[in-house]
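# Summary of the model geometry
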Amino acid sequence: MMGTATLAGLLALETLRAEGPAGSARYDEIILRYSQLNGLNPRLVKAVIAAESEFKNRAVSPAGARGLMQLMPKTSVFLETPVSRLHDPESNIAAGTKYLAMLCRAAAARHSPGSRRCADAPTRVVWRAVAAYHAGPRALELPSERWPAATRVYARKVLRLSRAPLSAVSGR
C-alpha cells in the first residue's frame, strides 16, 4: 500500500510534468528578448525564474522580493524599475536580466577577465553570478565555501535547471 506522502509526491510530480515546460513557455518571448539584450543564456534566465517563483508573476517572498525573478524593491529602484511594476512579467524580466548581467560581468571581471558575454562565460563565472543574485553582490567577493548553505544549494539548483528540459526556450 502506498503511503500518503508518496502519493502526494507522485501527484506533485505529475502536476509538474503537466504544467512544467508547457506552462512556463508563456514567458519565452520575453525571456529570449531580454536575455539577448543583456548577453545572457535564455536557459539560465528561465532557470532563475523557475527557482525563484516557479513562473508565478504575483509571487512575493517572505523577505519582500517580488515577481517572476524575485527582485527586492531596493534592487528595482537601483535598476530604475518602479516597484509598482515588479509583478508585470516584462518589467520584472527586463530588470532581473539587467541585474543578472551586471552580476555576471562583475564576476567575469574578477574571476575570468577574458569573458565578454555572460552567455559564453565559464561555469565558474555563471555559478558566482547566480550565487550573487541569490545572496547579494557581496557573494562575488567571498570564496564559495563562505556562502550561506542556502546560496550554494540555490546556485546548484539553477545551474541544474538551466540544463534541464524545463529551461528550453521556444524559438531557441
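First things first, this report covers the structure right here in the doc. Keep in mind it's a predicted model, so treat the numbers as computed, not measured.

Turning our eyes to something else, we now look at the overall build of the protein. A tally of helices and strands in the protein yields seven helices and zero strands. Seen in sequence order, the protein has helices and strands lined up from the N terminus as α-α-α-α-α-α-α. Sorting the 172 residues of the protein into buried and exposed places 47% on the buried side. Residue pairs in contact within the protein that sit at least 24 positions apart in sequence constitute 54% of those at least 6 positions apart. Of the roughly 9400 Å² of accessible surface on the protein, 56% is carried by carbon and sulfur atoms.

What follows concerns the side chain of His87. With respect to the secondary-structure elements, His87 resides in the loop between α4 (73–78) and α5 (89–111). The exposure class of His87 is buried, given its relative accessible area of 15%. Looking at His87, its side chain comes within polar contact range of the main-chain oxygen of Asn57, at 3.0 Å. Sequence-distant contacts of His87, defined by excluding residues within four places in its chain, comprise Asn57, Arg58, Ala59, Val60, Arg66 and Gly67.

Close contact between helix α2 (residues 28–38) and α5 brings their axes to 9 Å; oriented N to C, the two are set at 30°. On the basis of their axis angle, the class for α2 and α5 is roughly parallel. The chirality of how α2 crosses α5 is right-handed. When α2 is examined against α5, the residues Ile30, Ile31, Arg33, Tyr34, Ser35 and Asn38 are found in contact with a partner set consisting of Pro89, Glu90, Ile93, Ala94, Thr97, Lys98, Ala101 and Arg105.

Bringing the packing of aromatic side chains into the picture now. What the rule picks out here adds up to two aromatic pairs. A ring pair is formed by Tyr99 and Tyr133, whose centres lie 5.7 Å apart and whose planes are at 50°; its orientation type is tilted. Residue Tyr99 is located in helix α5, and its partner Tyr133 is located in helix α6 (residues 123–135); the two are separated by 34 residues in the primary sequence. For Tyr99, a relative accessible area of 10% puts it in the buried group. When the ring of Trp127 is compared with that of Trp147, the centres are 5.4 Å apart and the planes differ by 40°; the resulting orientation is tilted. Placement of the pair is Trp127 in helix α6 and Trp147 in the loop between α6 and α7 (149–162), with a sequence separation of 20 residues.

Here we come to the pattern of salt bridges. Under the criterion given, the structure shown has five salt bridges. With its nearest N and O atoms 2.4 Å apart, the salt bridge here joins Arg33 to Glu90. With Arg33 in helix α2 and Glu90 in helix α5, this pair connects stretches of sequence that are 57 residues apart. Judged by its relative accessible area of 30%, Glu90 falls in the partly exposed class. Here Glu54 and Lys56 are joined by a salt bridge, their closest N and O atoms 3.2 Å apart. Exposure remark for Glu54: the relative accessible area of 54% places this residue in the exposed category. Several salt bridges converge on common partners, so that one network encompasses Glu29, Arg33 and Glu90.

Quick notes on the rules
- Residues numbered from 1 in each chain as written.
- Predicted model: local features only at pLDDT ≥ 70, side-chain atom pairs only at ≥ 80, totals over all residues.
- Heavy atoms only, no water.
- Helix = DSSP H or I, 4+ residues; strand = E, 2+ residues; numbered from the N terminus.
- Buried < 20%, exposed > 50% of the residue type's maximum accessible area, 1.4 Å probe, protein only.
- Contact = heavy atoms within 4.5 Å.
- Areas by Shrake-Rupley, 256 points an atom, 1.4 Å probe, with all protein chains shown as cover.
- Polar contact = N/O pair within 3.5 Å; in protein donor to acceptor, adjacent residues only side chain to side chain.
- Axes fitted to C-alpha atoms, helices over the stretch in contact; angles between N-to-C directions.
- Parallel < 35°, antiparallel > 145°, perpendicular 65-115°, else oblique.
- Left-handed = near helix turned anticlockwise from the far one by under 90°.
- Phe/Tyr/Trp six-rings, centres within 6.5 Å; stacked < 30°, edge-to-face > 60°.
- Salt bridge = Lys/Arg side-chain N within 4 Å of Asp/Glu carboxyl O.

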